[in-house]
Amino acid sequence: MLKKPFLLSRRGPATGLVVAVLASLTACAKPQPGEEFNDPYEKQNRAIHEVNVTLDQAVFGGGDVPKKKYLPDPLAKGFSNAAYNLSMPSAVLNNLLQLNINGAAKDTLRFALNTTFGVGGLMDPADVIGLYAEDADFGETLHVWGAPEGAFVVLPIGGPTTERDLAGSIVDIFIDPLGQVFKGRDFVAVEGVRIAGQVGNRQEYSDLIDSILYESADSYAQMRLTYLQYRHNQLGIEEDVSDPYEEFYAAP
């Protein structure tokens, strides 16, 4: 485990934030014996989840409400690509913090290629030539450093996460290299692209999201399972959870 995040040594406030996060993670909620999921806040999480589903249905439709599309498919895909491209500088930094030099180099080259030849990231020529991203965020960095995952948490609008990933997301905001470059109107424009990218992602993965939120026997349990399986796969954690609705979804 790295004792000191070396790339933050010159960022006084950010360094203090990282230390505070690492200290707070030592007090993360631990799963109780016999519990399949570390979800001590389930009652509160379910209440927030219901509000999130109601908001999602009002904005995007789904279930008994007709679906709403805000962007033409090509434009939705373009904004999704551009928003993902904007995450590359942060991924580079986190790869360096994890001592993944190869990943940092690949993401740097990918960002440069897509920003220039991909018209600011709207297109993805890097994927075309097989230069795939090595995603990295500070939640993953904390995992690499040995910080515990903590409890499952559902955020208003933000959706599912864990205590460790929530702490990582907060740090990512402060250490994002683009946040140091873009100010004023440029910063607003960058955030606008990121929001449009989220809308594009919601449209692109509409069928999957709707199946979880509106077609599951228990949308909260299915959302929790899907998120944790996806996140653990990202982190290379061997999965040790089962789908309580596997038989429900199984083909006859």
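Preceding block: the structure.
Anyway, here's the lowdown on the structure attached to this text. (Residues numbered from 1 in each chain as written. Predicted model: local features only at pLDDT ≥ 70, side-chain atom pairs only at ≥ 80, totals over all residues. Heavy atoms only, no water.)

### Some details on the nonpolar core
Counting 12 residues, the largest nonpolar core is built from Phe 37, Val 53, Phe 152, Val 154, Ile 212, Leu 213, Tyr 214, Tyr 220, Met 223, Leu 225, Tyr 227 and Leu 228. Where this core is concerned, the elements lending two or more residues are strand S1 (152-155), helix H11 (206-214) and helix H12 (219-235). At 5 residues, H12 tops the list of elements feeding residues into this core. Setting aside anything within four residues of it in sequence, one finds Tyr 227 in contact with Phe 152, Pro 160, Thr 161, Thr 162 and Asp 165. (Core = buried A, V, L, I, M, F, W, Y, C linked by side-chain atoms within 4.5 Å. Buried < 20%, exposed > 50% of the residue type's maximum accessible area, 1.4 Å probe, protein only. Helix = DSSP H or I, 4+ residues; strand = E, 2+ residues; numbered from the N terminus. Contact = heavy atoms within 4.5 Å.)

### Some thoughts on helix H8 (residues 163-175)
Relative to the 18 Å expected for 13 residues at 1.5 Å per residue, H8 spans 19 Å between its end C-alpha atoms, a close match to the ideal helical length. Here H8 has its buried residues at Glu 163, Arg 164, Asp 165, Ala 167, Gly 168, Val 171, Asp 172 and Ile 175. (Expected span 1.5 Å × (residues − 1).)

### Quick look at unusual backbone geometry
In the Ramachandran plot, Val 119 falls in the positive-phi region, its phi being about 55 degrees despite a non-glycine side chain. As for its position among the elements, Val 119 is in the loop between helix H5 (101-116) and helix H6 (125-128). Despite not being glycine, Ile 157 has its phi angle at roughly 70 degrees, a positive value. The exposure class assigned to Ile 157 is exposed, which follows from its relative accessible area of 73%.

### A look at helix H2 (residues 42-60)
For H2, built from 19 residues, the straight-helix expectation of 27 Å at 1.5 Å per residue is met to within 8% by its first-to-last C-alpha distance of 26 Å. When we look at burial in H2, the residues that qualify are Asn 45, His 49, Asn 52, Val 53, Asp 56 and Phe 60. The buried residues of H2 occupy an angular sector of 105 degrees when the element is viewed end-on, so they sit on one face. Turned more than 90 degrees off the buried face of H2, the exposed positions are Lys 43 and Thr 54. Looking at the packing, one finds that the buried side of H2 touches S1, strand S2 (159-162), helix H10 (184-204), H11 and H12. Positive phi shows up at Gly 61, right after H2, with a value of about 80 degrees. (Arc of directions from axis to C-beta.)

### Looking at the packing of aromatic side chains
Enumeration according to the criterion identifies 4 aromatic pairs in this entry. Centre to centre, the rings of Phe 138 and Trp 145 are 5.6 Å apart; their planes meet at 85 degrees, and the pair counts as edge-to-face. In this structure, Phe 138 and Trp 145 share a single accessibility class: buried. For the pair Phe 152 and Tyr 220, a centre-to-centre distance of 6.2 Å together with 70 degrees between the ring planes defines the contact as edge-to-face. On the criterion of sequence distance, the pair formed by Phe 152 in strand S1 and Tyr 220 in helix H12 is long-range, its members being 68 residues apart. Across this residue pair, the class does not change: Phe 152 and Tyr 220 are buried. (Phe/Tyr/Trp six-rings, centres within 6.5 Å; stacked < 30°, edge-to-face > 60°.)

### Here's the deal with a nonpolar patch on the surface
Residues Val 51, Leu 55 and Ile 157 make up a contiguous nonpolar surface patch of roughly 310 Å² in combined accessible area. Its place among the elements puts Val 51 in helix H2. (Patch = residues over 30% accessible without salt bridge, like charges linked within 9 Å, V, L, I, M, F, W, Y side chains within 5 Å. Areas by Shrake-Rupley, 256 points an atom, 1.4 Å probe, with all protein chains shown as cover. Salt bridge = Lys/Arg side-chain N within 4 Å of Asp/Glu carboxyl O.)

### What about the pattern of salt bridges?
As enumerated under the stated definition, the model contains 17 salt bridges in all. Linking Arg 110 and Asp 124 is a salt bridge whose minimum nitrogen-to-oxygen distance equals 2.9 Å. In this pair, Arg 110 sits in helix H5 while Asp 124 sits in the loop between H5 and H6, placing the two residues 14 residues apart along the sequence. Residue Arg 231 pairs with Asp 165 through a salt bridge whose shortest N-O separation is 2.9 Å. Of the two residues, Arg 231 sits in helix H12 while Asp 165 sits in helix H8, which places them 66 residues apart along the sequence. When salt bridges with common partners are traced through the structure, they connect Asp 39, Glu 42, Arg 46, Asp 218 and Arg 224 into a single cluster.

### Side note on the pairing of S2
Here S1 runs beside S2; their pairing, made up of 4 bridges, is antiparallel. Residue Val 153 lies in a different strand from S2, and its bridge partner there is Thr 161. The antiparallel hairpin formed by S1 and S2 contains 3 residues in its connecting segment, where Ile 157 sits at a positive phi of about 70 degrees. (Pairing = 2+ DSSP bridges.)

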